Amino acid sequence: MRSSRGKVALGFNRPDSPLGRATRDILATQTGPGSYNWFVAGHELPEDHWYYDEKEGGRILGNLCHWVDFLYLLVPASGRYPIEVFGVRPPTSECDFAVNYVFADGSMGSVTFSAKGHAFEGVKERFSAQRGDVILALDDFSSLFANVGARCIRRHSLFRDHGHENRICGSYLMLHDDLPGCTTEYVWETCELSLATRAAVEGRERVMVSGRLPAPMVQQGLGPNVAG
């Protein structure tokens, strides 16, 4: 990325959805650490599904990464690192797990993922958050309710909008309207956090994430020297 004239766009669509943007904007009005929680009811999948294929990254890198990225973006860059990641998973299940994050500024995040059955409308997800005077609930990217002190904010969508259209159009405009692409810092950090999440869940252990590139990559000029 540093040596190329090309641009990079990642396919994390939820932050570009209308209610995803509203969620980030409302929480950004506050200061201090936040508490964030995702509950995701995913698809029950056959054992030979590509989500489980290690060549595709497995279910965490191929699926859970979307919610990990959203949590990462909610924490200000100055307060992210180091990040502690704790993962748990029942020994008898490959698709039920939970992961917790503790950020440097005291923010906490968690993602609980379950795939025990089939929901009629597919994947269902709920997000709850608290930061400063904000208490917020986002239901399946179709409704948003927030208390900001004594003020109430309500947003609704006629259908679930996970931001796919905005992400695709944004990638197109990035090329044709001379808009900036993703920074090397963002690409490295969000992907590193997803890799750490997989390690924490599969190892059922605590993983520390520094945000720093390995020394050989820095020396070769392959990315940023990100301070933790």
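This one's a predicted model, so the numbers in the text were calculated from it and none came from an experiment.

A. Layout of the packing of helix 1 (residues 18–27) against helix 2 (residues 58–74). Where helix 1 contacts helix 2, the two axes come as close as 10 Å, and the packing angle between them is 30°. The angle between helix 1 and helix 2 places the two elements in the roughly parallel class. The two elements helix 1 and helix 2 meet at a crossing, and its hand is right-handed. Across the interface between the two elements, Gly20, Thr23, Arg24 and Leu27 of helix 1 pack against Phe70, Leu73 and Leu74 of helix 2. Tallied by class, the residues present in the contact of helix 1 with helix 2 amount to 4 nonpolar, 2 polar and 1 charged.

B. Looking closely at the layout of surface pockets. Size it by volume and the largest pocket reaches roughly 250 Å³. Along the walls of the largest pocket sit 13 residues, with Pro15, Asp16, Arg24, Leu73 and Tyr186 positioned nearest its centre. For the lining of the largest pocket, the secondary-structure elements that each account for two or more residues are helix 1 and helix 2. At 3 residues, helix 2 tops the list of elements feeding residues into the lining of the largest pocket. Class assignment of the residues belonging to the lining of the largest pocket gives a composition of 7 nonpolar, no polar and 6 charged. Roughly 210 Å³ of internal volume is contained in the second largest pocket. Lining the second largest pocket are 14 residues, and of these Arg14, Tyr51, Asn63, Trp67 and Val123 sit closest to its centre. A per-element tally of the lining of the second largest pocket places helix 2 first, with 4 residues.

C. Spatial organisation of the pattern of salt bridges. Counted according to the given criterion, the structure contains 9 salt bridges. We note a salt bridge from Arg167 to Asp16, for which the minimum N-O separation is 2.5 Å. One end of the pair, Arg167, is in helix 3 (residues 164–176); the other, Asp16, is in the segment before helix 1, and 151 residues separate them in sequence. Owing to a relative accessible area of 16%, Asp16 belongs among the buried residues under this scheme. Beyond isolated ion pairs, a larger network of salt bridges with shared partners links Asp16, Arg21 and Arg167.

D. Quick look at the nonpolar core. By size, the foremost hydrophobic cluster in this structure holds 48 residues, and its most contacted members are Trp38, Leu64, Val85, Tyr101, Phe127 and Leu136. Among the elements that take part in this core, helix 2 stands out by supplying 9 residues, more than any other. Apart from residues no more than four positions distant in its own chain, Leu136 is found in contact with Thr23, Ile26, Leu27, Phe127, Ser128, Ala129, Leu144, Phe145 and Ala146.

E. How the structure looks around the packing of aromatic side chains. Scanning the model with the defined rule gives 10 aromatic pairs in all. Centroid distance Trp38 to Phe127: 4.8 Å. Interplanar angle 40°. Geometry classified as tilted. Here Trp38 is found in strand 1 (residues 34–41), whereas its partner Phe127 is found in strand 5 (residues 124–131), with 89 residues between them in sequence. Of the two residues, Trp38 and Phe127, neither departs from the other in class, the shared state being buried. When the ring of Phe70 is compared with that of Phe127, the centres are 5.8 Å apart and the planes differ by 65°; the resulting orientation is edge-to-face.

F. Structural context of the sheet that holds strand 1. Strand order in the open sheet made by the 9 strands is 8-7-6-5-1-4-3-2-9, with mixed pairing throughout. Only two strands of the sheet have a single neighbouring strand rather than two, namely strand 8 (151–156) and strand 9 (206–209). The mean inter-strand angle of the sheet, taken between neighbouring strand axes irrespective of direction, is 10°. Inspection of the sheet shows strand 2 (residues 83–88) paired to strand 9 by 4 bridges, in the antiparallel sense. Bridging across to strand 9, Glu84 finds its partner in Met208. Across the face of the sheet, helix 2 comes into contact with strand 1, strand 3 (97–102), strand 4 (108–114) and strand 5 while running at roughly 155° to strand 4.

G. Representation of unusual backbone geometry. Here the bond from Tyr81 into Pro82 is cis, since omega is 0°, no more than 30 degrees from zero. One non-glycine residue, Asp140, lies in positive phi territory at about 55°. Here Asp140 lies in the loop between strand 6 (134–139) and strand 7 (143–148). For Asp140, a relative accessible area of 3% corresponds to the buried category.

Reading the values: rules and limits
- Residues numbered from 1 in each chain as written.
- Predicted model: local features only at pLDDT ≥ 70, side-chain atom pairs only at ≥ 80, totals over all residues.
- Heavy atoms only, no water.
- Axes fitted to C-alpha atoms, helices over the stretch in contact; angles between N-to-C directions.
- Helix = DSSP H or I, 4+ residues; strand = E, 2+ residues; numbered from the N terminus.
- Parallel < 35°, antiparallel > 145°, perpendicular 65-115°, else oblique.
- Left-handed = near helix turned anticlockwise from the far one by under 90°.
- Contact = heavy atoms within 4.5 Å.
- Nonpolar A, V, L, I, M, F, W, Y, C, P; charged D, E, K, R; others polar.
- 1 Å grid on protein atoms, 1.4 Å probe; cavity = no way out; pocket = protein on both sides within 12 Å on 5 of 7 lines; lining within 4 Å.
- Points joined across faces, edges and corners; volume = space filled by probe spheres on them.
- Salt bridge = Lys/Arg side-chain N within 4 Å of Asp/Glu carboxyl O.
- Buried < 20%, exposed > 50% of the residue type's maximum accessible area, 1.4 Å probe, protein only.
- Core = buried A, V, L, I, M, F, W, Y, C linked by side-chain atoms within 4.5 Å.
- Phe/Tyr/Trp six-rings, centres within 6.5 Å; stacked < 30°, edge-to-face > 60°.
- Pairing = 2+ DSSP bridges.

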